[in-house]
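# Inside the fold
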Amino acid sequence: MEKEKTISGLRAIITTIQGFGPCMEIVLSEISKWSAVSEIISKFGLSGEGVIAFGDEANDLEMIQKSGLG
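Below or above, wherever it landed, is the structure these notes cover. (Residues numbered from 1 in each chain as written. Predicted model: local features only at pLDDT ≥ 70, side-chain atom pairs only at ≥ 80, totals over all residues. Heavy atoms only, no water.)

### Quick notes on the nonpolar core
- In this structure, Trp34, Ile41, Val51, Ala53 and Met63 together form the largest nonpolar core, which totals 5 residues.
- Discounting residues that sit within four places of it in the chain, Trp34 has contacts with Ile41, Gly48, Val51, Glu62, Met63, Lys66 and Ser67. (Core = buried A, V, L, I, M, F, W, Y, C linked by side-chain atoms within 4.5 Å. Buried < 20%, exposed > 50% of the residue type's maximum accessible area, 1.4 Å probe, protein only. Contact = heavy atoms within 4.5 Å.)

What follows is the structure, encoded as structure tokens:
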């Protein structure tokens, strides 16, 4: 189960990984994984069509949906 909380412009996502335990990802609330990928590929003059993305949590969804292959 994923829990998410935003504090002072930071988004904390806490996930429990089976067999490992709780993990926390902290990102700026206005930044998503896709926005980071998009920024990088645009600097090379590329598009999302050439991106292969994968993930296992809700915070990966936008990146998977907007990539060429998710």
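### Digging into the environment of Ile41
- Mapping Ile41 onto the fold places it in helix 1 (residues 33-43).
- Assessed through its relative accessible area of 12%, Ile41 is described here as buried.
- Sequence separation between Ile41 and Val51 is 10 residues, and the spatial gap between their C-alpha atoms is 8.7 Å.
- Setting aside residues up to four positions removed in sequence, Ile41 forms contacts with Trp34, Leu46, Ser47, Gly48 and Val51. (Helix = DSSP H or I, 4+ residues; strand = E, 2+ residues; numbered from the N terminus.)

### Considerations on unusual backbone geometry
- A positive phi is found at Ser8, a non-glycine position, where the angle reads about 50°.
- Checked against the element boundaries, Ser8 lands in the loop between strand 1 (2-7) and strand 2 (10-17).
- Ser8 gets classed as exposed once you look at its relative accessible area, which sits at 74%.

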